[in-house]
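One-letter residues, chain by chain:
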Protein chains: 2
Amino acid sequence: MDKNYYEVLAHDVNRALVDGLDPGKGTLEEAIFYALSVPGKRLRPVLFLTFLNAYGIEAGDYMDIACAIEYIHTYSLIHDDHPSMDNDDFRRGMPTVHKKYNDAIALLAGDTLLTMAFERIARAPLPPQKTVNILKILTSGIGIEGMAGGQALDLEFSGDKELILSIHRMKTAELIKASLLCAAEAADLSPEEMESLGEAAIAIGIAFQMADDLLDMYGDEEEVGKKLHKDQQNQSPNSVIFFGREYIETEVNRYYGRTMEILERLGITFPPFLDLMKKMVFRTK
Amino acid sequence: MDKNYYEVLAHDVNRALVDGLDPGKGTLEEAIFYALSVPGKRLRPVLFLTFLNAYGIEAGDYMDIACAIEYIHTYSLIHDDHPSMDNDDFRRGMPTVHKKYNDAIALLAGDTLLTMAFERIARAPLPPQKTVNILKILTSGIGIEGMAGGQALDLEFSGDKELILSIHRMKTAELIKASLLCAAEAADLSPEEMESLGEAAIAIGIAFQMADDLLDMYGDEEEVGKKLHKDQQNQSPNSVIFFGREYIETEVNRYYGRTMEILERLGITFPPFLDLMKKMVFRTK
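If you're wondering where the values come from, they're calculated on a predicted model, not measured in any experiment.

Enquirer: If you had to explain helix H6 (residues 103-123) of chain B to someone new, which residues and values would you point to?
Expert: End to end, H6(B) covers 30 Å across 21 residues, agreeing with the expected 30 Å (1.5 Å per residue, within 8%). Counting buried residues in H6(B) gives 19 out of 21 residues, a clear majority hidden from the surface.

As structure tokens, this is what we get:
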């Protein structure tokens, strides 16, 4: 598929993300604007919008949801990078929010982005029942059984390799799943289809994180835009460290295969969507 | 009014707050359980429920909203107390979350409580349009124009007394306003009535924070349950420091009077509600 397809979507998302924000209004708003302006792949909103396109749904009314998803992802990055968590100085090749501003502003910027996500969901011009269903999907993906719970497991990780898959699922795959299920809700998929799509999303999400683990070990720092080769010294739950390169490369293929199988069963054949699945797991950045 | 009335409401809230939480499940859930179990006045949910009672609405279906409001308040306290913010060791007479656990868990516990607030809103058994309206009210009260924005102004406060009223309004009064407007939404008040009620809520909220400023200067530490007399050394925007005791005591009375005037105009005469307004501003803890 031509790269341009995703670039157009990401460009639309980038514009919508900062719509109405005024960086001159104060440090908090400036820090939020900064965090949203640092170049990013916008993977999750692009995934969401590509799925909508697969079902012939125009982004328009759903752009607020796409932005909410990226706000949530951005909040999670700011707090992950915070000195009380991973204490990272760079993200996407730029200083992290707490380095550029300070720890307090970074804490507040994350809090505010999470709030802004729900504010945009509330204001999305959708039928109220759709809004409520999307709210349910997203909150259950990022709470104690999802992203935040996975982050807590990651924090306490002390080498128990049995936990790595749960951490990858909760910390990474659940938000990817929620992004796709929000699109499925928009496309009126049946509960059974939602269930299957959720399985595919978890599979591709785990493979995506495994690909990230491979990148940390063997990737090019400049191309990836963040400090690599640090999982080992940080005792992070990097699957490659605990299971070996060959095994994880096989697993990535297996999860990818399972995803494609489910998508085929669901009759999802939209080439840009299938291509995006591939890009998520076979990547150099 | 008999004290028992509020105790019954607060007791119901306390039970509902931890409903479904399992502190044995992991450190994050334990920390959240701890934060919710530390005794608190539950002022905001009690305010919300008392207003519902004034309109003859049973708490039942709205208990999720009451809990969401307290989750939001609790998240804000955990992050306010965090070492990257105020670095407080005690809250309500007990160790703060980061003292009891650690800085990372405190950060995550706050994030998760904010998420849980929206999860409960999503799951409240209400007509979807009511849910969406409540979501709008709450998110606009706690975002960049409300609580979080006020927290940022507070952070950067450097003695400009003109800002104190804005900080009090945003950081404290906006969540109180949102709590009342959620109840007004439940009670189907008209937009004009909502507008007036919002003004009353801001007035009582500012008076409530001024009462807090008075307590910090002249209150009894043991009775209040947190470290007092620290606003001066922290250069906090304490109105009493900048405007004097007598002036602020007069202001508290003036804001209280304005609140009662608006409530009278709205025909709100429910004694427990009016009594609660009084308790909020004339207090010793």
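Enquirer: Give a detailed account of unusual backbone geometry, specifying residues and quantitative values.
Expert: Residues and elements named next belong to chain A. Positioned with a positive phi, Arg92 is a non-glycine residue whose angle comes to about 50 degrees. The topology assignment puts Arg92 in the loop between strand E1 (90-91) and strand E2 (94-95). On the basis of neighbour counts, which here come to 14 C-beta atoms within 10 Å, the residue Arg92 falls in the partly exposed class.

Enquirer: Pulling in residues and values, what's your account of the nonpolar core?
Expert: Formed by 179 residues in total, the largest nonpolar core has its most connected members in A:Ala109, A:Ile204, A:Ala207, B:Ala109, B:Ile204 and B:Ala207. Apart from the residues lying within four places of it in its own chain, the contact partners of A:Ile204 are A:Ile176, A:Tyr255, A:Thr259, A:Met277, A:Met280 and A:Val281.

Enquirer: Kindly report on the interface of chain A and chain B, identifying the contributing residues and their values.
Expert: When the parts of a complex come together, some accessible area is lost, and that lost area is often used as the size of the interface. Each partner contributes residues to the interface: chain A has 38 residues there, and chain B has 38 residues. Of all the secondary-structure elements, those providing two or more residues to the side of chain A that touches chain B are helix H2 (27-37), helix H6 (103-123), helix H7 (128-142) and helix H8 (147-155) of chain A. Top element by residues in the side of chain A that touches chain B is H6(A). It accounts for 13 residues. Residue composition of the side of chain A that touches chain B, grouped by class: 17 nonpolar, 14 polar and 7 charged.

Enquirer: Describe the relation of the copies chain A and chain B, and please don't skip the residues or the numbers.
Expert: Here chain A sits on chain B after a turn of 180 degrees about the axis and a move of 0.0 Å along it, with an RMSD of 0.0 Å. Such values leave the two copies arranged in the relation of a two-fold axis. Proximity to the rotation axis, assessed at the C-alpha, singles out A:Pro128 in chain A; its C-alpha lies 2.6 Å from the axis. Most of the interface of chain A is mirrored in chain B, where 100% of its interface residues are also at the interface.

Enquirer: Outline the packing of helix H3 (residues 43-54) of chain A against helix H4 (residues 63-81) of chain A, listing residues and values.
Expert: All names here are of chain A. Between H3 and H4, the least distance of the axes is 8 Å, while the angle of their chain directions is 155 degrees. Here H3 is positioned roughly antiparallel relative to H4, judged by the angle of their axes. Considering the relative orientation of H3 and H4, their crossing is right-handed. Residue-level inspection shows Arg44, Pro45, Phe48 and Leu49 of H3 in contact with H4, the latter providing Ile65, Ala66, Cys67, Ile69, Glu70 and His73. Partitioned by chemical class, the residues of the contact of H3 with H4 number 7 nonpolar, 1 polar and 2 charged.

Enquirer: Please provide a residue-by-residue account of helix H9 (residues 164-186) of chain B, values included.
Expert: Residues and elements named next belong to chain B. Here H9 contains 23 residues, and its C-alpha end-to-end distance of 32 Å stays within 8% of the 33 Å for a straight helix at 1.5 Å per residue. Considering bend angle alone, the principal kink of H9 is centred on Ala173 and spans about 50 degrees. With 19 of 23 residues buried, H9 is to be regarded as a mostly interior element. In the stretch just after H9, Asp188 is the one whose phi turns positive, near 55 degrees.

Enquirer: Before we move on, could you go through the packing of helix H1 (residues 4-17) of chain B against helix H4 (residues 63-81) of chain B and cite the residues and values that matter?
Expert: Residues and elements named next belong to chain B. At a minimum axis distance of 10 Å, the contact between H1 and H4 shows a crossing angle of 80 degrees. The angle between the axes of H1 and H4 places the two elements in the roughly perpendicular class. Contacts between H1 and H4 involve Val13, Ala16 and Leu17 on the former and, on the latter, Met63, Ala66, Cys67 and Glu70. Partitioned by chemical class, the residues of the contact of H1 with H4 number 6 nonpolar, no polar and 1 charged.

Rules behind the numbers
Residues numbered from 1 in each chain as written. Chains lettered and ligands numbered in written order. Predicted model: local features only at pLDDT ≥ 70, side-chain atom pairs only at ≥ 80, totals over all residues. Helix = DSSP H or I, 4+ residues; strand = E, 2+ residues; numbered from the N terminus. Expected span 1.5 Å × (residues − 1). Buried ≥ 20, exposed ≤ 12 C-beta atoms within 10 Å, placed from the backbone. Core = buried A, V, L, I, M, F, W, Y, C linked by C-beta atoms within 7 Å. Contact = placed C-beta atoms within 7 Å. Nonpolar A, V, L, I, M, F, W, Y, C, P; charged D, E, K, R; others polar. Least-squares fit on C-alpha atoms with pLDDT ≥ 70 in both. Axes fitted to C-alpha atoms, helices over the stretch in contact; angles between N-to-C directions. Parallel < 35°, antiparallel > 145°, perpendicular 65-115°, else oblique. Left-handed = near helix turned anticlockwise from the far one by under 90°. Bend = angle between axes of the 7 residues up to and from the residue.

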